[in-house]
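Structural overview
One-letter residues, chain by chain:
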Amino acid sequence: SMASSSPALSRIKWGWETLPPMLLLLVSLLIFHDGIIFPSFANIQGAGDSMLNNFMLEHDWRWVSGQALNRSLWSPPIFFPVRETAAYSDLMLGALPPYAIWRLLGADPATAFQLWILTVSALNYLAAYLLLRVLLRTSIIASATGAILFAFGSPRLFQLDHPQLLLGFYVIFVFAGLYLLFAPSGSPLRWGRVTFGLLLCVGGAVAQLYTAFYYAWFMAFCAAVALLCSRSIRSM
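Residues numbered from 1 in each chain as written. Predicted model: local features only at pLDDT ≥ 70, side-chain atom pairs only at ≥ 80, totals over all residues. Heavy atoms only, no water.

Scanning the protein chain from N- to C-terminus turns up ten helices and zero strands. Overall, the protein chain shows an N-to-C arrangement of helices and strands of α-α-α-α-α-α-α-α-α-α. The buried share among the 236 residues of the protein chain stands at 36%. Nonlocal contacts in the protein chain, meaning residues at least 24 apart in sequence, comprise 60% of its contacts between residues at least 6 apart. Approximately 14100 Å² of the protein chain is accessible, and the part contributed by carbon and sulfur atoms is 72%. (Helix = DSSP H or I, 4+ residues; strand = E, 2+ residues; numbered from the N terminus. Buried < 20%, exposed > 50% of the residue type's maximum accessible area, 1.4 Å probe, protein only. Contact = heavy atoms within 4.5 Å. Areas by Shrake-Rupley, 256 points an atom, 1.4 Å probe, with all protein chains shown as cover.)

What follows is the structure, given as structure tokens:
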């Protein structure tokens, strides 16, 4: 019957719609991170910051797993006997989950870090695509284009030597949460939407702060400027 076939047709349509954006993501990863993929993971992309970020992520992982030399989160085993040396750099704690997954699957620290870079880029793309496609309801082409510019544009390309600045999907979470909280006029807010918006906004902000504080500061600054502008513009 038509009723029974509608869900199946919807799934097929959804699959065909998501195929081009996913293929675009795959091609972008191959181009953007060719320094990792094509040497068969023989190289780690980036300069000195890559070694530091790998060290901090591995420290976070060993702290979570309770290993002896890493029992203090803020005192990684470096610059002995100075303590709380993690405050000298980005803590990277918010960036730990994509790294921890690969360590749990048995990857060594260097390989897990390479896979972490690829995973972060993919998450940036997916977060931007879903924001544009699902929340703002833009077309597939517009959503994929926006996601490409966000995840693989020149601002990301210039930060390949600073992998801690590649992670941007928490910023997407924050502004998606703000969008849900400050709904367009005529769209009544429901408690579920408010709760989800608060979780996205607060959770994303805290996670970004505990990953790289640069983006957290600029995110707060831009949000404050946008709020002041919105309050100063009269409704048309």
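Moving on, we come to a nonpolar patch on the surface. A cluster of nonpolar residues, Trp74, Leu198, Val202, Val206, Leu209, Tyr210, Phe213, Tyr214, Trp217, Phe218, Phe221 and Val225, forms a patch on the protein surface that exposes about 1200 Å² of accessible area. Counting residues per element, the ones that place at least two in the nonpolar patch are α9 (191-209) and α10 (213-232). No other element matches the six residues that α10 contributes to the nonpolar patch. In this fold, tryptophan 74 is placed in the loop between α3 (48-64) and α4 (96-104). Overall, the relative accessible area of 39% leaves tryptophan 74 in the partly exposed class. (Patch = residues over 30% accessible without salt bridge, like charges linked within 9 Å, V, L, I, M, F, W, Y side chains within 5 Å. Salt bridge = Lys/Arg side-chain N within 4 Å of Asp/Glu carboxyl O.)

This part is about the pattern of salt bridges. Inspection of every chain in the model, using the stated rule, returns three salt bridges. Arginine 133 serves as the salt-bridge partner of glutamate 17, at 3.7 Å between the closest nitrogen and oxygen. On the criterion of sequence distance, the pair formed by glutamate 17 in helix α1 (residues 2-32) and arginine 133 in helix α5 (residues 109-135) is long-range, its members being 116 residues apart. Residue class for arginine 133 comes out partly exposed when judged on its relative accessible area of 27%. Across the salt bridge formed by glutamate 58 and arginine 103, the nearest N and O atoms sit 2.9 Å from each other. Taken together, the residues span a long stretch of sequence, with glutamate 58 in helix α3 and arginine 103 in helix α4 at a distance of 45 residues. Of the two residues, glutamate 58 and arginine 103, both sit in the buried class. Salt bridges linked by common partners bring Glu58, Arg62 and Arg103 together as one network.

Let us look at the nonpolar core. One recurring pattern in soluble globular proteins: nonpolar side chains tend to sit buried together. Judged by nonpolar contacts, the single largest core of 42 residues is most densely connected at Leu57, Tyr99, Trp116, Tyr125, Phe152 and Leu167. A total of eleven residues in this core trace back to one element, the largest contributor, which is α5. When near neighbours in sequence (up to four residues on either side) are disregarded, tyrosine 99 contacts Asn54, Leu57, Glu58, Trp61, Pro109, Ala112, Phe113 and Trp116. (Core = buried A, V, L, I, M, F, W, Y, C linked by side-chain atoms within 4.5 Å.)

For any two helices packed against each other, one specifies the crossing angle of their axes together with the interaxial distance. Two elements in contact, α5 and helix α6 (residues 140-152), have axes whose closest approach is 8 Å; the angle formed by their N-to-C orientations is 145°. Taken as a pair, α5 and α6 cross one another with a handedness that is right-handed. Of the residues in α6, those in contact with Ser121, Asn124, Tyr125, Ala128, Tyr129, Leu132 and Arg133 of α5 are Ile140, Ala142, Ser143, Ala144, Gly146, Ala147, Ile148, Phe150, Ala151 and Phe152. Across the contact of α5 with α6, the residue classes break down as twelve nonpolar, four polar and one charged. (Axes fitted to C-alpha atoms, helices over the stretch in contact; angles between N-to-C directions. Left-handed = near helix turned anticlockwise from the far one by under 90°. Nonpolar A, V, L, I, M, F, W, Y, C, P; charged D, E, K, R; others polar.)

Its 19 residues place the ends of α9 27 Å apart at the C-alpha level, agreeing with the 27 Å of an ideal helix rising 1.5 Å per residue. Within the sequence span of α9, burial applies to Val194, Gly197, Leu200, Cys201, Gly204, Ala207 and Gln208. On its buried side, α9 packs onto α8 (169-181) and α10. (Expected span 1.5 Å × (residues − 1).)

What follows covers α8. Its 13 residues place the ends of α8 18 Å apart at the C-alpha level, agreeing with the 18 Å of an ideal helix rising 1.5 Å per residue. Within α8 the residues assigned to the buried category are Phe169, Tyr170, Val171, Ile172, Val174, Ala176, Gly177 and Leu180. Considering only its buried residues, α8 is in contact with α5, α6, α9 and α10.

This part is about unusual backbone geometry. A cis amide bond links phenylalanine 80 with the next residue in sequence, proline 81, at an omega value of 5°. For proline 81, the location among the structural elements is in the loop between α3 and α4.

Here we take up the confidence of the model for the protein chain. Per-residue confidence for the protein chain gives a mean pLDDT of 87, with 90% of residues at or over 70. Confidence scores differ between elements of the protein chain, with α1 showing the lowest mean pLDDT of 75 and α4 the highest of 97. Here residues 1-5 is a poorly scored stretch, pLDDT under 50, and it has zero contacts once near neighbours within four places are set aside; other chains count. (pLDDT = per-residue confidence, 0-100.)

With respect to the helices and strands, threonine 85 occurs in the loop between α3 and α4. Judged by relative accessible area, which is 5%, threonine 85 ranks as buried. Ignoring sequence-local partners within four residues, the contact set of threonine 85 consists of Trp74, Ser75, Pro76, Ile78 and Phe79.

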